[in-house]
Amino acid sequence: MVHQHSSQPRLSPSSDTEDTSEMSMLLAPRLAYFAGVARTEHVTRAALEMNVPQSTLSRAMVRLEQDLGVDLFARIGRTVSLTPSGRAFLTHVERALAEIERAAEEVRADADPATGKVAFGFLHTMGSETVPGLIRAFRADHPRVRFSLVQNYGEAMIERLRAGELDLCLTSPVPDAPDLVARRLDEQKLRLVVPADHPLASRKRIRLAEAADETFVTLEPGYGLRRITDDLCKEAGFRPRVAFEGEEAETLRGLVAAGLGVALLPPPAVARPGVAELTVTAPRAAREIGVAWLDGHPDTPPVAAFKKFLLSKRGSLLT
């Protein structure tokens, strides 16, 4: 049987993104059919193996060749054999199909209730004790669930939530956005940290207004703790004079110990020498810690289980 190409227009090769995307959409549904026919070299046998009507398979191969503009098969009745172009195409098709299968296996594995994966983001200040403790407690009942852990500041984690790179994140302040769901879990008191040889170091408590003339070291703009620091100082009646900006709370504590300023920080996991930490009596210095996720985003079973676990920690997240 001689195969005739139809005279209908076909896609011409192009580097244009739109043309490439259109070509992919045309070819993708037919690639598995092509691989099946190429493997069996028989249309009827391939149709039986793939459980599709023979007529459907035949039409799909004709359309595939039309779209590509090349003959992939030499045909003798129901028997076919690959042309040189067909053999070259098959090499790439088998590679693409194998990659698709690997991707399918990966997403199925990530959604498995017992061994799936949770992409979890959290603040740097929660990485030394809080998050390891949470995961240890959760895995007591879910020992094989895997975690992809991301430490970052709040706004960066929210962007990663929106990009689909995170399932959940612990952040502060608790976000208020129409595309997110956020739940307050706990609050963490902030302290005014001063050098150990500072005139205020002998104090236990302080009103923040008393530090109006001090030089501050803070996190960079965009960090939730920086926003809280600015807001608390404004409430206390002054704008902080910022000498150094950093990306991590313990680095700021080191700068304070070196005598380079004072800072509003959450309690450290381990007491650091060279600083004194004062309770702020006014205004009320604390930050809320919450968990956030993308509204309307379906949860896999492991994500749903970990979300439920986190919500059960309301009021005891930091203890």
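Look a little higher up for the structure.
The residue numbers shown here count from 1 along each chain, following its written sequence. It should be noted that, the model being predicted, local features are given only for residues of pLDDT at least 70 and side-chain atom pairs only at 80 or more, the latter also being counted only at that level, while totals for whole chains, interfaces and linings use all residues. Excluded from the side-chain calculations are hydrogens and water; all other atoms, namely the structure's heavy atoms, are used.

Asks: Could you give an account of the overall build of the protein chain, with specific residues and numbers?
Replies: Numbering goes from the N terminus for both helices and strands, where a helix is a DSSP run of H or I of at least four residues and a strand is a run of E of at least two. When its secondary structure is counted, the protein chain shows 10 helices and 13 strands. Each of the three principal axes of the protein chain carries a C-alpha extent, and together these read 100 × 45 × 35 Å. Considering only contacts in the protein chain between residues 6 or more positions apart, those separated by 24 or more positions represent 74%. To measure how exposed things are, a 1.4 Å probe is used in the Shrake-Rupley method; for residues, cover is taken only from the protein chains shown. Accessible surface computed for the protein chain: about 17,200 Å², of which carbon and sulfur atoms make up 51%. None of His or the chain ends enter the tally, which takes Lys and Arg as positive and Asp and Glu as negative. Charge positions are represented by NZ for Lys, CZ for Arg, CG for Asp and CD for Glu. Mean positive and mean negative side-chain charge positions of the protein chain (40 and 42 charges, respectively) differ by 5 Å. Whether two residues are in contact is decided by their heavy atoms: any pair within 4.5 Å suffices.

Asks: Give me the sheet that holds strand S6 (residues 180–189): which residues, what numbers.
Replies: For two strands to be treated as a pair, DSSP must find at least two bridges joining them. Strands sit in the order S4-S3-S5-S13-S6 across an open sheet of five strands; the sheet is mixed. The open sheet has two edge strands with one neighbour each: strand S4 (146–151) and S6. Taken over all neighbouring pairs, the strand axes of this sheet differ in orientation by 20 degrees on average, direction set aside. Across the sheet, helix H10 (residues 301–311) is in contact with strand S3 (117–122), S4, strand S5 (168–171), S6 and strand S13 (286–294); its angle to S3 comes to roughly 40 degrees. Interaxial angle, 0 to 180 degrees, is taken between N-to-C directions of lines fitted to C-alpha atoms, where a helix line uses only the stretch in contact.

Asks: An account of the nonpolar core is requested, with residue identities and associated values reported.
Replies: Here, the term nonpolar core denotes a set of buried Ala, Val, Leu, Ile, Met, Phe, Trp, Tyr and Cys residues that are joined through side-chain atoms within 4.5 Å. Remark: exposure states derive from per-residue accessible area (1.4 Å probe, protein chains only) relative to the maximum for the residue type, with buried under 20%, exposed over 50%, and partly exposed in between. If you look at the biggest cluster of nonpolar residues, it comprises 35 residues, and the most contacted ones within it are Phe120, Phe147, Leu168, Leu170, Phe306 and Leu310. Counting only elements with at least two residues in this core, the list comes to S3, helix H6 (130–139), S4, helix H7 (154–162), S5, S6, S13 and H10. The greatest single-element share of this core, amounting to five residues, is contributed by S13. When near neighbours in sequence (up to four residues on either side) are disregarded, Phe147 contacts Lys117, Val118, Phe120, Ile135, Phe138, Arg139 and Phe306. Of all hydrophobic cores here, the second largest spans 31 residues; its members include Ile228, Cys233, Phe238 and Leu278.

Asks: So what about the pattern of salt bridges? Which residues, and what values?
Replies: Should a side-chain nitrogen of Lys or Arg be within 4 Å of a carboxyl oxygen of Asp or Glu, the pair is scored as a salt bridge. Counted under the stated rule, the structure contains 22 salt bridges. One salt bridge connects Arg184 with Glu187, and the closest N-O pair in it is separated by 3.4 Å. Judged by relative accessible area, Arg184 falls into the partly exposed class, the value being 39%. With relative accessibility at 23%, the residue Glu187 sits in the partly exposed group. Between Arg184 and Glu288 there is a salt bridge; the shortest N-O distance is 2.9 Å. Separated by 104 residues along the polypeptide, Arg184 in strand S6 and Glu288 in strand S13 bring together distant segments of the chain. Exposure remark for Glu288: the relative accessible area of 37% places this residue in the partly exposed category. Shared partners join several salt bridges into a network, and the residues in it are Arg184, Glu187, Arg284 and Glu288.

Asks: Lay out the pairing of S5 with the relevant residues and their values.
Replies: Neither face of S5 is exposed, since Leu168 and Leu170 on one face and Cys169 and Thr171 on the opposite face are all buried. Pairing analysis gives three bridges linking S3 to S5, with the strands arranged parallel. Its bridge partner being in S5, Phe122 is matched across the sheet by Leu170. Bridge analysis of S5 against S13 gives three bridges, and the strand direction is antiparallel. Note that in S13 the partner of Leu170 across the bridge is Val291.

Asks: Which residues make up the sheet that holds strand S8 (residues 205–207), and what values do they have?
Replies: Pairing is mixed across the open sheet formed by four strands, whose spatial order is S8-S12-S7-S11. A strand with exactly one partner marks an edge of an open sheet, and here the two such strands are S8 and strand S11 (263–265). The sheet shows a mean angle of 45 degrees between the axes of neighbouring strands, direction not considered. Where S8 meets strand S12 (residues 275–282), three bridges bridge the pair, whose relative direction is parallel. Each residue of the ladder has a partner; that of Arg207, found in S12, is Ala282.

Asks: Before we move on, could you go through helix H9 (residues 249–257) and cite the residues and values that matter?
Replies: Among the residues making up H9, those that are buried are Ala249, Leu252, Arg253, Gly254 and Val256. Of the surrounding secondary structure, the elements contacted by the buried residues of H9 are strand S7 (191–195), strand S9 (215–219), strand S10 (241–246), S11 and S12. The N-cap of H9, judged by a side-chain oxygen 3.0 Å from the amide nitrogen of Glu250 a few residues on, is Glu248. Where H9 terminates, the next one or two residues include Gly259, which has phi positive at roughly 80 degrees. Think of a polar contact as two N or O atoms within 3.5 Å of one another; within protein, one of them needs to be a possible hydrogen donor and the other a possible acceptor, and neighboring residues in sequence only count if both atoms come from side chains.

Just distances and angles here, no functional claims.
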